[in-house]
Amino acid sequence: MRRRNGFLAAGLVLTCVLAALILLGFFWTPYDPNAMAAGAKFDGPSLAHWMGTDSFGRDIFSRVLKGAGATASIALATLAIGAACGCLAGALTGYFGGPADEVLMRLNDALTAFPSILLALVVISILGPGKKGNVILALGLVFIPSFARVTRTAFASLRDVNYIKSARLMGASKARILAVHLLPNTLPVLLPALTIGFNNAVLAEASMSFLGIGVTPPDASLGYMLSEAQGMLFAAPWYAGGTGLAIVLMVFSVGLLGEGLRRRDKGVL
Amino acid sequence: MKTRKLLALLLLLGLLSAALCGCGGGSTGETAESKPTDGSTPGTEAPGDPQGAADHPNEITVGIAQDLDESLDPHKAVAAGTKEVMFNVFEGLMKPTPDGDLIPAVAEKYEISDDQLTYSFTIRDGIQFHNGDPVTGADVLWSIRRCMPGGEADIQAVEALSAIQEAEYKENTVTLTLDQPNTEFLSYLTLAILPQGYDGQDTAPVGTGPFQFVSRAAQDNIVLERFDDYWGEPAYLEKVTLKIIENADSILMSLQSGAVDLFAHLTSTQVQQLGDAFNIEEGTMNLVQAMYLNNAAAPFDDVRVRQALCYAVDRQQILDLAFDGYGSLIGSSMYPAFGKYFDDSLTNYYPHDAEKAKALLAEAGYPDGFSMTITVPSNYQPHIDTAQVIVEQLKEVGVTAEILPVTWESWLNDTYIGRQFQATVVGVDASTMTARALLERFTSTASNNFINYNSPLYDSLFVKATSSGGDEAQTAFYKEMEADLTKNAANVYIQDLADLVAVRKGLEGVRFYPIYVLDLAGVRYTA
C-alpha cells in the first residue's frame, strides 16, 4: 500500500476550495464589485465587509472574488496557448530532430533571451492595450518557449527507447507514436510544468495589470487591485493585504498540487 | 529537504507580492527603512521644527515630482514643472499676480498709446540681475527678440510677438510698436528678461526674480538662495532646496520623515495619510476637467443625448467618491480662478436628474440606452478615477460605458489630433492668462477643436469678442460663449481639480495663481 501523499491531498483540497470560490464569484458576490458608496470609503475589515472597502467604498472581498476570476481565466487561457503551441513544437522537434529542430530551438533561445514581461510589453504595444484577448495572446506567446523546451527534452530522450522502436517496427504511424506512445509517458514531466506555468501566468498577469496594461478599470483583477492598493498603503493596508493574500493563496495551492504530482510520479513521498 | 524547499518557495512568494506592491518605480522598501517614521514626534529633526523657531536655519526643502528640463534657460523651457519653479528666478517686463492681474516687474510703469499700437515701458530704476549687472534697455530688447518666431531652433518662440513691427530703446525706455491692436498683448510680455551676452544661462541661470540660482545636482536637487538686491518685497526664506522625488511612494515617506517641508499637487488619498504635522493648502489646478464628447460622432451629434449625459452624471458625487470632496464644480469651459470671466450661474445648469436623462434619451431614440467608450490617458489617475465613477452613474440611465486607457502619446495622436474618439475624460488648461486661451478652441474652424464643436452663434460671438476694444464688452461676449457651450451641452463639464499642497506646520504664505507656478517668495516661518 502506498503512503499518503500529503502534498497532493493538501494541494487538491486547497485548489478545489479556491476554484469553487472563483466559480462562485462569477455568479454571485456579496456586493456588486463595482458599486460605489461615498459613505463607506476606507472602511476596515468588518463583518459587513470582510476585507474592508477601497477608496470608492467598493467591497474589496467582492472585488477580490471577481478579480481572482479574471486573473485565473487569463492565466488558464494563457497556459492553453503556451502549452498547446509549445508542446506541439517541442514534440515535433524532439522526435524528428534535424535542421528544423536546430532552427526552431535557436529561435526558442532567442525568445527566452528577452525578459518575459518586456516581451509581453512589446507584443501589447503592437496589438494595443486595454483588450483582454491581447493580454492573453501576449502572455501566451511568452510562455511558448519554456513548454517547447521541456517537451522537446522529454520526447528526445524517449525517442530511441525500445518500446518506441518496437512500435515503429510494428508499422505504427508517426502520429500514433507521438500521441499514444510518447505523450502519456512525458506526462510526469509535463504536469509539473503545467502547474508551474499556471503560477507564472498568474504572476505575469498580476504584473501586467500592475503596470497598467492588463485588465482595464473599473473591472477588477488582482494585479490591478494591488497597484491601486499601493497608493493607499497607509490609509487602507487591508486592501494590499487581502489582494496579496489572494495571489499568494492561488499560487501556493497550485504549487502544492504540482509538488504532489511530482512526488507521486517519482515515488518520493 | 523537500519541505524546506517548499517553505522557501512560500516565503519567496510572500516576498514577491510585497515587492510587487512596492515596485512603482524605485526602491521604496529601502527608503521606508532608512527613514523611520515615528508618528509621535513628527519631524523633530527637521529644519522646520516649530519648537526651536529661533535656532532653525531660515530655509526649507521643497519636493518636486520631476527633474527640470536639461537646460535651465527659461526661453528654452518646455516642461510645465520647470516653468513652475523657475518662476521664482525669472521675471518679465510684466508679472502675473495671484488675482490673475498683471503688474509691472522689470518695467516700473508702461504706457499704451490711444490707438493701442505703441507700448512704452520704463525700466525700473536701479534694478539688477543676480550677477550684479544693471538691467538695460539692450537686455530687454535682446530678450524679447530672442523669443520672436524664426530665431534659434531650441528657443520656444512666442507666436504673438510676431505682431511687433518696431522695437527700440532710449536710455531706460523701451518702445514696442504693433501692426494691429491686441488687448491681450501684455500677457505675453511675462517672458523672462535675461542679461545679453551671458552664455551660462543653460547651467547657471541669471534673472531678476526674488530667488537666485545657486547649484543643481541633476536628478537630485536644485538650490536657490534669496536675492538680497531684489527690487520688490524680498523673499522671507534665505534658502530653498528643491528636492526631486520622482517615485510617488517616496513622497509620503519624505514628508513624514521631515526630509521635505512642502509638496504641491498631492492627491486626496496622499493627503489623508499625512497626519497632523502638516497643513493642507487648497488651491486649484486651473484645468477644465470634463468628459469631452465628440460632437460629430453618433450618438453625440444629437444635442439631446449630450444633455442627457449632463443630467445623468452626478458631479458632486464624483468629487465625493474620487476626490474626497476637494475640487470646484464648473459648468462650462472656464474655471473660477479666472475671476471676471467665470459665470457661476452656469455651474448648476444641469442638476443631477436620472429621470430627465432617461426622458431625453428616449426622445432622441435611445429608450434602452446605448454603449459608448471613454478614452482616458492612463498616466493620469484622477481622470481614470473620474471615468470609473461616471461608468457607474451612466449605468443608472441604461448607458453602458467602457473605459479605454491609452498612453499619453496615443491620446495626443489619435484622440486629440486625430479626433478618433467618442468621449474622453481629461483636463484642458489655459496657456496664457486670457479667456481666449480656453474658448478659442471651440470655434468651428480652430485646429485644436478636438470635439468638433460647431455652433454658428459661438463663432460669431468669438469674432465680436476679439474685435471689441473694451475690456467690459469683451468679457460679456466671452461669457455668452460660455453659456452657448453649456446650453448645447458641448461636453459634460465636471470640475477644476483641487491643487493640494502639504505645508509643514509652522510655515505659511503659499500663494496660488491662475496659472501653473509655485511662488516661494511668500513662504515664511510663523514664529
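This one's a predicted model, so the numbers in the text were calculated from it and none came from an experiment.

Undergrad: Explain the overall build of chain A to me, please; I cannot follow it from the model alone.
TA: Looking only at helices and strands, chain A has nine helices and zero strands in total. Its helices and strands in sequence order give chain A the pattern α-α-α-α-α-α-α-α-α, from N to C terminus. Projected onto its principal axes, the C-alpha coordinates of chain A cover approximately 75 × 55 × 30 Å. Considering only residue pairs separated by 6 or more positions, chain A has 70% of its internal contacts joining residues 24 or more positions apart. Counting only carbon and sulfur atoms, one obtains 71% of the accessible surface of chain A, whose full area is about 12300 Å². Across chain A, 21 positive and 13 negative side-chain charges occur, with their mean positions spaced 12 Å apart.

Undergrad: Would you explain unusual backbone geometry in this entry?
TA: It is generally the case that most residues other than glycine have a negative phi and that most peptide bonds are trans. All names here are of chain B. Here Ala298 and Pro299 are connected by a cis peptide whose omega angle stands at 0°. Note that Pro299 resides in the loop between strand S13 (287-293) and helix H7 (303-312). Phi is positive for Gln116, which is not a glycine, with a value near 60°. By the element assignment, Gln116 lies in the loop between strand S4 (107-112) and strand S5 (118-123).

Undergrad: Honestly, the interface of chain A and chain B in this entry has me stumped. Any pointers?
TA: Facing the 37 residues of chain A at the interface are 35 residues of chain B. Across the chain A/chain B interface, buried area totals approximately 3100 Å², and carbon plus sulfur atoms make up 69% of it. For the pair chain A and chain B, the number of links is one residue pair in polar contact (both at pLDDT 80 or more). For the side of chain A that touches chain B, the elements supplying multiple residues, two or more each, are helix H7 (174-210), helix H8 (222-230) and helix H9 (237-266) of chain A. Broken down by element, the side of chain A that touches chain B gets its largest block of residues, eight residues, from H9(A). Considering only residue class, the side of chain A that touches chain B consists of 24 nonpolar, six polar and seven charged.

Undergrad: How should I be thinking about the domain arrangement of chain B in this particular structure?
TA: For interface size, the figure often reported is the accessible area lost on association. All names here are of chain B. The domain architecture assigned to chain B consists of domain 1 (3-27 + 286-496), domain 2 (34-67 + 209-285 + 499-525) and domain 3 (90-188). Interface of domain 2 and domain 3: buried area, both sides summed, is about 1100 Å²; carbon and sulfur atoms make up 62% of it. When the buried area of domain 2 at its contact with domain 3 is split by residue, Phe227, Trp231 and Tyr513 rank highest and sum to 48% of it. Scanning the region where domain 2 abuts domain 3 turns up zero salt bridges. Run the count over domain 2 and domain 3 and you get five residue pairs in polar contact (both at pLDDT 80 or more). Considered class by class, the residues forming the side of domain 2 that touches domain 3 number nine nonpolar, two polar and two charged.

Undergrad: Just checking my understanding: could you explain the layout of surface pockets for this structure?
TA: All names here are of chain B. Approximately 610 Å³ is the volume attributed to the second largest pocket. Around the second largest pocket, the lining is made up of 25 residues, and of these Leu102, Thr183, Lys340, Tyr341 and Asp471 lie nearest the centre. Split into classes, the residues belonging to the lining of the second largest pocket amount to ten nonpolar, ten polar and five charged.

Undergrad: Looking at this structure, I do not really get the side chain of Thr241(B). What am I missing?
TA: All names here are of chain B. Relative to the assigned elements, Thr241 resides in strand S10 (residues 239-244). Given the relative accessible area of 15%, Thr241 is considered buried. Those residues in contact with Thr241, other than ones at most four positions away along the chain, are Ile60, Thr61, Val62, Asn221, Ile222 and Val223.

Undergrad: Help me understand the sheet that holds strand S19 (residues 498-504) of chain B in this model?
TA: Note: strands within a sheet are paired through backbone hydrogen bonds, in either parallel or antiparallel orientation. All names here are of chain B. Strands sit in the order S8-S9-S10-S1-S11-S19-S12 across an open sheet of seven strands; the sheet is mixed. Each edge of the sheet is formed by a strand with only one pairing partner; in this case those strands are strand S8 (211-217) and strand S12 (278-284). Ignoring strand direction, the axes of neighbouring strands in this sheet form an average angle of 20°. With seven bridges joining them, S12 and S19 adopt antiparallel strand pairing. Along S19, the bridge assignment pairs Glu282 with Leu500.

Undergrad: Just to check I follow, could you spell out the packing of aromatic side chains for this structure?
TA: Geometry of an aromatic ring pair is reported as the spacing of the ring centres plus the angle between the planes. Residue and element names in this part refer to chain B. Considering all chains together, one arrives at 20 aromatic pairs over all chains under this definition. Ring geometry for Tyr110 and Phe121: centres 6.0 Å apart, planes at 35°, overall tilted. Note that Tyr110 is positioned in strand S4 and Phe121 in strand S5, a separation of eleven residues in sequence. An angle of 75° between the planes, with centres 6.0 Å apart, marks the rings of Phe300 and Phe370 as edge-to-face. Placement of Phe300 in the loop between S13 and H7 and of Phe370 in the loop between helix H9 (354-363) and strand S15 (371-377) is noted, with a sequence separation of 70 residues between them. Like Phe300, the residue Phe370 is buried in the burial classification.

Undergrad: Quick question: what am I supposed to make of the sheet that holds strand S6 (residues 164-170) of chain B here?
TA: Residue and element names in this part refer to chain B. With respect to topology, four strands assemble into an open sheet ordered S4-S5-S7-S6, the strand pairing being antiparallel. Only two strands of the sheet have a single neighbouring strand rather than two, namely S4 and S6. For this sheet, the mean inter-axis angle between neighbouring strands, taken without regard to orientation, is 15°. Sheet topology note: the S5/strand S7 (residues 173-178) ladder contains five bridges and is antiparallel. Opposite Thr118, over in S7, you have Thr177 as the bridge partner. Against the sheet, helix H4 (residues 137-146) makes contact with S5, S6 and S7, and its axis sits at roughly 160° relative to S6, the strand it touches most.

Rules of the game
Residues numbered from 1 in each chain as written. Chains lettered and ligands numbered in written order. Predicted model: local features only at pLDDT ≥ 70, side-chain atom pairs only at ≥ 80, totals over all residues. Heavy atoms only, no water. Helix = DSSP H or I, 4+ residues; strand = E, 2+ residues; numbered from the N terminus. Contact = heavy atoms within 4.5 Å. Areas by Shrake-Rupley, 256 points an atom, 1.4 Å probe, with all protein chains shown as cover. Lys, Arg positive; Asp, Glu negative; His and termini not counted. Charge placed at Lys NZ, Arg CZ, Asp CG, Glu CD. Buried area = accessible area lost by both parts, 1.4 Å probe. Polar contact = N/O pair within 3.5 Å; in protein donor to acceptor, adjacent residues only side chain to side chain. Nonpolar A, V, L, I, M, F, W, Y, C, P; charged D, E, K, R; others polar. Domains from an automatic or database assignment. Salt bridge = Lys/Arg side-chain N within 4 Å of Asp/Glu carboxyl O. 1 Å grid on protein atoms, 1.4 Å probe; cavity = no way out; pocket = protein on both sides within 12 Å on 5 of 7 lines; lining within 4 Å. Points joined across faces, edges and corners; volume = space filled by probe spheres on them. Buried < 20%, exposed > 50% of the residue type's maximum accessible area, 1.4 Å probe, protein only. Pairing = 2+ DSSP bridges. Axes fitted to C-alpha atoms, helices over the stretch in contact; angles between N-to-C directions. Phe/Tyr/Trp six-rings, centres within 6.5 Å; stacked < 30°, edge-to-face > 60°.

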